[in-house]
Amino acid sequence: MSYNLFTEVSKVLKGKDKAINMPPVPKQVSDFLGKLGALEEVPMHNLIIDNKYLPLGRENNAEKGCIKLFALDPEWIECLINGALSLADENDQLILGEAMTGKYTAEFYYNEATEKVKKQIIGQYLPEKFEEELKNRLENNGVKYEDKTPTANQSNWKYTGFFIRSSIVSTWKGVEIIAYGKSDTTEKIDKKLQVVKLEQISYDIIYCICEGLIEKIEIIQPAETIHFDTSRIDIVKRSGNDGVLNISEIAKKNGFKDSAMLAEKLLAIPYKTELTIDRKIVKTWK
Amino acid sequence: MLSKNDRNEEKVLKLQSFARPPLPGGTYVLKTKLFTDAGKDGLKGMPSKFEAKEIKFQITAPRFGISTELIHSVYPLPGSTGDYQNTLPHIVLKRKTFCWERVIDGNKTNFDKPWVCLLVFTEEEVKLEQIKEMTTETFLKEDADVKVPILTLNEDEKIAKTKLKALELDMNLFKRVAPKLDEINFLAHNRQVNTNNKGNNDTNGDKGWYTTVVANRLPIKGITNYAFLVSIEGCTTYMEEPMIANDSRKLRLCLLHQWQFIDMDEKLEDVVKNLNNNVKPLTIELKEGANPTEHIKRCLDFGYAPINHIRRNDEKSVSWYRGPFVPLNAEHHAIKTYKNADQALRFDANTNMFDISYASAWQLGRLLALQDSSFSIALSNWKNAYKRDRPIKIAKDLLLKQNVNQELLSSFINDAESDEVLTDYLIELWNKNTK
């Protein structure tokens, strides 16, 4: 009998199709690798090692501030994941390859986005309306409802982002940032990108990572910090010329019945700034 | 729920004039009475009345101080200088019902009046020395010169002797600046905002709801202005009294929060404009006059930073490092594995320096994995199962194609050399077939 089972088995083991019969990756493993891909556990110091990347600067007695653009380097992530997998097998290309298809991280981002929206709308909608609202809000943020498979950008690790260092970060606590990219069909810059990370890391530094190439950034003053602009209505001051307002007279004159009406009329229009990014300043690796 | 005004249906911002808490703070008594007429129907010996019970309970609400965690933001920013002439200072708090958690004068019909107000004074009117720390007991001790809020302490507060910050103001200054009783309603409201495009969760308030208290005074230009959030519980009589000439009395108020700012001509618009002119790739910015060599400049342009590096042999040197963020359009190449961090070290011959970026990432990944025991355990179990089960599965597939009989199996087992797992499996199979 010439047939040797052992040599045949080892032939298959060493063969090209290595992924054959791979048992499903446990959830703890895929979750953790997804988190690593999203740089979730990585200390800030390892992300940006020197303050000189983000100078505040002053010019003509006014603060300069800076917006610094970047792209995510997938090879750095690959090394990070490789290091984590080295606990079991340094040469494990199989699971590293799986992780680098971006599917674990895509899943992590999807779960994060749904959790965030759920927190906002919980208790405000009836169960049947809840899913609908969840779907709407997710799609408004560039996330496909109940679709955890990585998008083309996610599987190619096309993430871009920026740091902002400015006093607006502290003045406008909870500043809103919306990033736009090119539309899939037309060349227009009107596609809302999924913001996968938006984190304030110090009182005047915030950073943001988006899926895909950022072409335009919109920075909006948060609604809860909008101030009261008295030039918007007729004001009446108390006698004494020391800036004290006669609120009851103002209310009478303008027909305010309560504080909400007063606030509605006095609140300044949220400040909004649009920023189109010149792609030329970003070089390509040579 | 109790929304009086739900105007502005747009999702950007909702305003509400007040939010009533389920119960305002204070001492409550719950009385129970139980009686039955069962005795009449022949159930003899059944008492018709039962002992009445009284349960005392407290609803605690902030009174003499608030936690800084409750404060979301203040405007103008503490210590800032800016153009605030036409703006009213305000404070944003993270709890929806905050301003209505106490009843200002104990009169239940005044539940819609906030118990706090925001007072603005200049440094000429108020000196910071007028803020004193004292216990609630001393705070409420009135004398001829100093008037105090009319409050009753509950038993817990009497025992606790909480320390608070008291602000002593000239009575006439208070009357001149403080809002009147019919004005305070206008100075506090709720806002709900859409929290979709925001960063950290902790700034999101009470499901997107915030309470805002607005001052009734415009900042005075050119000097330091103080904003004081004070409790006006028990102060209603002083707010309504007309001013008395040459009033030397003082009023003691409980100070909850304070900050200061200077009204000057720096505009936020300019800050944003400057920011827009400073969009750059993420690289280190050198000081003016620095003149790096061509090779070093190239590394800096690629987003590297020089950092101190102590080698294994204790030798001190400088190496290049960058994080995962690069000022370039990065591409992903083929999968490559490193057996240890050192393998991922790279050397830049032009500058004679190591690039430790990938080696650090590798090491960091390993350390993070070690920290997470549920991951490391799951990973090694999975790996072992994979190593054990895969040859068996392949063997099974191959055996299906063969005509398996005992003779063939024993010949396979005789072939066995090193693979114990597979041999064990084959022996098991042989045993099964013999039975």
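Given the structure is predicted, the values throughout are model-derived calculations rather than measurements.

Helix and strand content of chain B: ten helices and 22 strands. For chain B, the residues scored as buried account for 48% of the 435 residues in total. A sequence separation of at least 24 residues applies to 73% of the contacts in chain B between residues at least 6 apart. Of the accessible surface of chain B, which amounts to about 22900 Å², a share of 50% is contributed by carbon and sulfur atoms.

This paragraph deals with the domain arrangement of chain A. Domain annotation of chain A identifies domain 1 (1-37 + 73-156) and domain 2 (227-268). Between the C-alpha centres of domain 1 of chain A and domain 2 of chain A the distance comes to 56 Å.

Many structure descriptions define interface size as the accessible area lost when the parts assemble. For chain B, the domain assignment lists domain 1 (26-59), domain 2 (68-268), domain 3 (294-356) and domain 4 (372-434). Centre-to-centre, using C-alpha coordinates, domain 2 of chain B lies 55 Å away from domain 3 of chain B.

In terms of nonpolar packing, the biggest core is built from 57 residues, with L33 of chain A together with F325 of chain B touching the most fellow members. Aside from chain neighbours lying at most four places away, what touches F325 of chain B is L39, L47, F70, A71, L72, F163, Y207 and I209 of chain A together with L282 of chain B. If you look at the next biggest cluster of nonpolar residues, it comprises 32 residues, including W115, V116, F139 and C254 of chain B.

In this section: unusual backbone geometry. In the segment running from Y75 of chain B into P76 of chain B, the intervening peptide bond is cis, with an omega of -5°. Position of P76 of chain B relative to the elements: it lies in the loop between strand 4 (71-75) and strand 5 (81-82). Even without a glycine there, the phi angle at W157 of chain A is positive, about 55°. Within the secondary structure, W157 of chain A is located in the loop between helix 8 (152-155) and strand 4 (159-165). Look at W157 of chain A and you get buried, because its relative accessible area is 1%. At D314 of chain B, a residue that is not glycine, the phi angle is positive and equals roughly 70°. Structurally, D314 of chain B can be placed in the loop between strand 17 (305-310) and strand 18 (316-321). On the basis of relative accessible area, D314 of chain B is assigned to the exposed category, the value being 61%.

Moving on, we get to the pairing of strand 9 (residues 216-220) of chain A. Along a regular strand, successive side chains alternate from one face of the sheet to the other. Residue and element names in this part refer to chain A. Counting buried positions along strand 9 gives five out of five residues, so the element sits mostly inside the fold. Alternating residues of strand 9 divide into K216, E218 and I220 and I217 and I219, and every residue in both groups is buried. Bridge count between strand 5 (residues 176-182) and strand 9: five bridges; the pairing is antiparallel. Opposite I177, over in strand 9, you have I219 as the bridge partner. Alignment of strand 9 against strand 11 (residues 272-276), held across five bridges, turns out to be antiparallel. Residue pairing for strand 11: E218 is matched across the bridge by E274.

This paragraph deals with the packing of aromatic side chains. Counted by the stated rule, this structure contains 18 aromatic pairs over all chains. Considering the side-chain rings of F347 of chain B and F354 of chain B, the 5.1 Å spacing of their centres and the 70° angle between planes classify their relative orientation as edge-to-face. Overall, the relative accessible area of 22% leaves F354 of chain B in the partly exposed class. Among the aromatic residues, those joined into a ring-pair cluster are F70, F163 and Y207 of chain A together with F325 of chain B. Sitting over the ring of F111 of chain B, R20 of chain B keeps its end group 3.8 Å from the ring centre. The ring of W209 of chain B has K96 of chain B sitting right over it, with the charged end atom 4.5 Å from the ring centre.

Two modes of strand pairing occur in sheets, parallel and antiparallel, and in both the strands are linked by backbone hydrogen bonds. Residue and element names in this part refer to chain B. The strand order 1-12-13-7-4 describes an open sheet built from five strands, whose pairing is antiparallel. Of all strands in the sheet, those with a lone pairing partner are strand 1 (13-16) and strand 4, marking the two edges. This sheet shows a mean twist of 25° between the axes of neighbouring strands, independent of strand direction. Where strand 7 (residues 90-93) meets strand 13 (residues 209-214), four bridges bridge the pair, whose relative direction is antiparallel.

This part takes up the sheet that holds strand 5 of chain A. Residues and elements named next belong to chain A. The sheet built from four strands is open, its strands ordered 6-5-9-11 with antiparallel pairing. Both outer strands of the open sheet, strand 6 (189-192) and strand 11, are each paired with one neighbouring strand and no more. Sheet twist, expressed as the mean angle between neighbouring strand axes with direction ignored, is 30°.

Contact with chain A, which involves 147 residues of that partner, is made by 130 residues of chain B. Contact between chain A and chain B buries roughly 12700 Å² in total, counting both sides, with carbon and sulfur atoms accounting for 62%. The partner of R238 of chain A in a salt bridge is E183 of chain B, with the nearest N and O atoms 3.0 Å apart. Across the contact surface, chain A and chain B share 34 residue pairs in polar contact (both at pLDDT 80 or more). Considering each element in turn, the side of chain A that touches chain B owes the most residues, ten residues, to helix 4 (residues 74-85) of chain A. For the side of chain A that touches chain B, the class distribution of residues is 79 nonpolar, 31 polar and 37 charged. Relative to strand 6 (residues 87-88) of chain B, strand 10 (residues 228-229) of chain A is paired through two bridges, and the arrangement is antiparallel. Its bridge partner lying in strand 6 of chain B, F228 of chain A is registered against L88 of chain B.

All names here are of chain B. Judged by side-chain polarity, L23, L30, I55 and F57 come together as a nonpolar surface patch covering roughly 320 Å² of accessible area. Mapped onto the elements of the fold, F57 is located in strand 3 (residues 53-59). Assessed through its relative accessible area of 30%, F57 is described here as partly exposed.

Residues and elements named next belong to chain B. Overall, the coordinates contain zero disulfides over all chains when judged by the stated rule. C99 forms no disulfide, and the closest cysteine sulfur to it belongs to C117, at a distance of 10 Å. Looking at C99, the relative accessible area reads 0%, which means it is buried. You can see C235 has no disulfide; the closest cysteine sulfur is in C117, sitting 8.5 Å from it. Since its relative accessible area comes to 0%, C235 is described here as buried.

This part takes up the environment of T97 of chain B. All names here are of chain B. Relative to the elements of secondary structure, T97 occurs in the loop between strand 7 and strand 8 (116-122). Judged by relative accessible area, which is 16%, T97 ranks as buried. Sequence separation between T97 and I335 is 238 residues; the distance between their C-alpha atoms is 55 Å. Every residue in contact with T97, bar those within four places of it in the chain, is listed here: A19, R20, P21 and T211.

Criteria and cut-off values
- Position labels on residues start from 1 in each chain and follow its written sequence.
- Throughout, the order in which chains and ligands are written sets their labels, letters from A for the former and numbers from 1 for the latter.
- Reporting in this predicted model follows two pLDDT cut-offs: at least 70 for local features of residues, and 80 or more for side-chain atom pairs to be given and counted; totals over whole chains, interfaces and linings ignore these cut-offs and use all residues.
- Remark: hydrogens and water are excluded; side-chain values derive from all non-hydrogen atoms of the structure.
- By definition, any uninterrupted DSSP run of H or I lasting at least four residues is a helix, any uninterrupted run of E lasting at least two residues is a strand, and each is numbered from the N terminus.
- Partly exposed residues are those whose accessible area sits between 20% and 50% of the maximum for their type, while under 20% is buried and over 50% is exposed, using a 1.4 Å probe and protein chains only.
- The contact definition used throughout considers only heavy atoms, calling two residues in contact when any of these lie within 4.5 Å.
- To measure how exposed things are, a 1.4 Å probe is used in the Shrake-Rupley method; for residues, cover is taken only from the protein chains shown.
- Segmentation of the chain into domains, including their bounds, is taken from an automatic or database domain assignment.
- Only buried residues count toward a nonpolar core. Its members are Ala, Val, Leu, Ile, Met, Phe, Trp, Tyr and Cys residues joined through side-chain atoms within 4.5 Å.
- Should DSSP find at least two bridges between two strands, the strands are regarded as paired.
- For Phe, Tyr and Trp, where Trp contributes only its six-membered ring, two rings pair if their centres lie within 6.5 Å, and the inter-plane angle classes them as stacked under 30 degrees, edge-to-face over 60, or tilted in between.
- The criterion is that NZ of a Lys, or CZ of an Arg, lies within 6 Å of the ring centre and within 35 degrees of the ring normal, and then a charge sits over that ring.
- For helices, the fitted line uses only the C-alpha atoms of the stretch in contact; every axis is such a line through C-alpha atoms, and the angle between N-to-C directions lies from 0 to 180 degrees.
- Two parts lose some accessible area (1.4 Å probe) when they are put together, and adding that loss for both gives the buried area.
- Salt bridge, as applied in this entry: a Lys or Arg side-chain nitrogen positioned within 4 Å of an Asp or Glu carboxyl oxygen.
- For this analysis, a polar contact is any N or O atom pair within 3.5 Å, provided that within protein one partner can donate a hydrogen and the other can accept it, and provided that sequence-adjacent residues contribute only side-chain to side-chain pairs.
- Residues are sorted three ways: Asp, Glu, Lys and Arg are charged, Ala, Val, Leu, Ile, Met, Phe, Trp, Tyr, Cys and Pro are nonpolar, and all the rest, Gly among them, are polar.
- Like-charged residues are merged into a patch within 9 Å and nonpolar side chains (Val, Leu, Ile, Met, Phe, Trp, Tyr) within 5 Å, provided each residue has over 30% relative accessible area and no salt bridge.
- Cysteine sulfur atoms that pair up within 2.5 Å are treated as a disulfide.

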